[in-house]
Structures are given as C-alpha cells and as structure tokens.
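A structural walkthrough
What follows is the residue order along each chain.
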Amino acid sequence: MKRLLAATEVTAAIFLLLIALLTASNVFVRYVFNFQIPDWFDGASMIQAVTLSWGFALATYYCSHICVDVFWEFSNVRSKRRIDLIATFVTLVFSIAMAWMMWVKSLGVGGQTTMDLLIPLDWFFIPASFGMSVGAVLCAVRLLRCGAGKLTIWHLRKYLKWNVSSWSCWALPACSA
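All residue numbers refer to position in the chain's written sequence, counted from 1. Since the coordinates come from a predicted model, pLDDT governs what is reported: local features require at least 70, and pairs of side-chain atoms require 80 or more to be given and counted, while whole-chain, interface and lining totals use all residues. Side-chain measures were taken over the full set of non-hydrogen atoms in the model, leaving aside hydrogen atoms and water.

Brief notes about the packing of aromatic side chains
Geometrically, a pair of aromatic rings is defined through the distance of the ring centres and the angle of the planes. Rules: Working definition: rings of Phe, Tyr and Trp (its six-membered ring) pair if their centres are within 6.5 Å, and the pair is stacked with planes under 30 degrees apart, edge-to-face with planes over 60 apart, and tilted otherwise. Under the scheme applied here, a residue whose accessible area is under 20% of the maximum for its type counts as buried, over 50% as exposed, and between as partly exposed, the area being computed with a 1.4 Å probe on protein chains only.
Applying the stated rule across the entire model yields five aromatic pairs. Consider the rings of phenylalanine 28 and phenylalanine 33, whose centres lie 6.3 Å apart with planes at 85 degrees: the pair is edge-to-face. This pair shows no difference in class: phenylalanine 28 is exposed, exactly as phenylalanine 33 is. Ring centres of tryptophan 40 and phenylalanine 41 lie 5.9 Å apart, and the angle between their planes is 80 degrees; this geometry places the pair in the edge-to-face category. Classification of tryptophan 40 as buried rests on a relative accessible area of 18%. For phenylalanine 41, a relative accessible area of 54% puts it in the exposed group. Put simply, the rings of Phe28, Phe33 and Phe35 pair up and form one aromatic cluster.

A few points about the side chain of aspartate 39
Operational definition: Secondary structure follows DSSP: runs of H or I at least 4 residues long count as helices, runs of E at least 2 residues long count as strands, and numbering of each begins at the N terminus. Charge assignment: positive for Lys and Arg, negative for Asp and Glu; neither His nor the chain ends contribute. In what follows, salt bridge is the name for a side-chain nitrogen of Lys or Arg lying within 4 Å of a carboxyl oxygen of Asp or Glu. Throughout, a residue-residue contact means that at least one pair of heavy atoms, one from each residue, lies within 4.5 Å.
Along the polypeptide, aspartate 39 turns up in the loop between α1 (2-33) and α2 (40-62). It is arginine 30 that comes nearest to the buried, bridge-free aspartate 39 among opposite-charge side chains, at 14 Å. Once you skip the residues sitting within four places of it in the chain, aspartate 39 turns out to touch Thr114, Met115, Asp116, Leu117 and Leu118.

A word on α2
To keep it simple, the criterion reads: One fewer than the residue count of a helix, multiplied by 1.5 Å, yields its expected span.
With 23 residues, α2 ought to run about 33 Å at 1.5 Å a step, and its terminal C-alpha atoms sit 32 Å apart, in line with that. Once α2 ends, the next one or two residues include cysteine 63, with phi positive near 55 degrees.

Digging into α1
With 32 residues, α1 extends 45 Å from end C-alpha to end C-alpha; this agrees with the ideal 46 Å at 1.5 Å per step. Where α1 is concerned, the buried positions are Leu5, Thr8, Ala12, Phe15, Ile19, Leu22, Asn26 and Val29. Directly beyond the C-terminal end of α1, a positive phi value near 65 degrees is found at asparagine 34.

This is a description of form; function is not addressed.
Written out as structure tokens, the structure reads:
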C-alpha cells in the first residue's frame, strides 16, 4: 500500500512540476525573446487536468480535502463512524462513475490534437484516466480499512510523520472507533 501511495504522490508531483516548468519557460521566452511556446496554454491546461486527477486520488485516501460538517461534529463516536462510512461509500460510487467516464472519453478522443503542435489529446486523457482509476481504488481501500477500524489518524501519522494537532480533516479519527 505504501508503494502505491508513494507512486501516486510522485506522479502528481511530476505533473505539477511540468506545469510549473512549462509556465515559467513560456514567461521567460515571452519576455526575453518576445514570442510564446506553441500550445503552452493547452499543454498546461491538460497537464493540470492530469495533476488534479492524481491529486484527487491522494485527497480521497488521506481525507485531506475540505471537511465541513456540523452534524458530524456534534454526533457521538458511533454515529461519526457511520457518517464516515456512508460518505466514503458515496465518494466511491462517484469515483467509479468518474473513472468510467474518463476512460470512455479517453478511448473516444480519436484523432483530436492540440492546435499548434498537433499533440494527440490521448497523451493527456489516458494519464488522467489512470489517476481517476487509482482514486477509485484508493477510495475502496479507504472504505474497507475504515470499515474494519484499521484506518485511523495514528496509522497515517506513523506513515507520513504528521503532527496530529495540525490535522485539518475530522473524518479520520471517527474510523478508529
């Protein structure tokens, strides 16, 4: 599991680095040589979509997305766990649907390309589809581990070496009940 999470983090980081390099290079070339890198905006947009899909996979597993639920906060431990399981299940259903639709789109792109350099859009859609598929798998793993009481903030703290007092998502502690 640690290898899958590490590979997902590295993949998201590499694509984020590519966005930064492409944007910075375009700014440099534009101001120094007075022209733009062809398709830089389309490329940056497509790479951002890939980065977001891999980031979604990580946010789903780590529960590091924005969590605001007043009802959850005032519930007892047993109810919090039920709410977490239901929320994770709903997220799993939508993750599977999103991954499926991404693959349908990826395989149906045909010969579409970018405007200037004619880069096939498949090169961007397929990695994004893999990211969404990994997100669905990690959501399923989170649901199973949370349901078994094996996914707690202490497990993630040990793996990530995070300070528990700085944890911003309240959903994970309920999984320990």
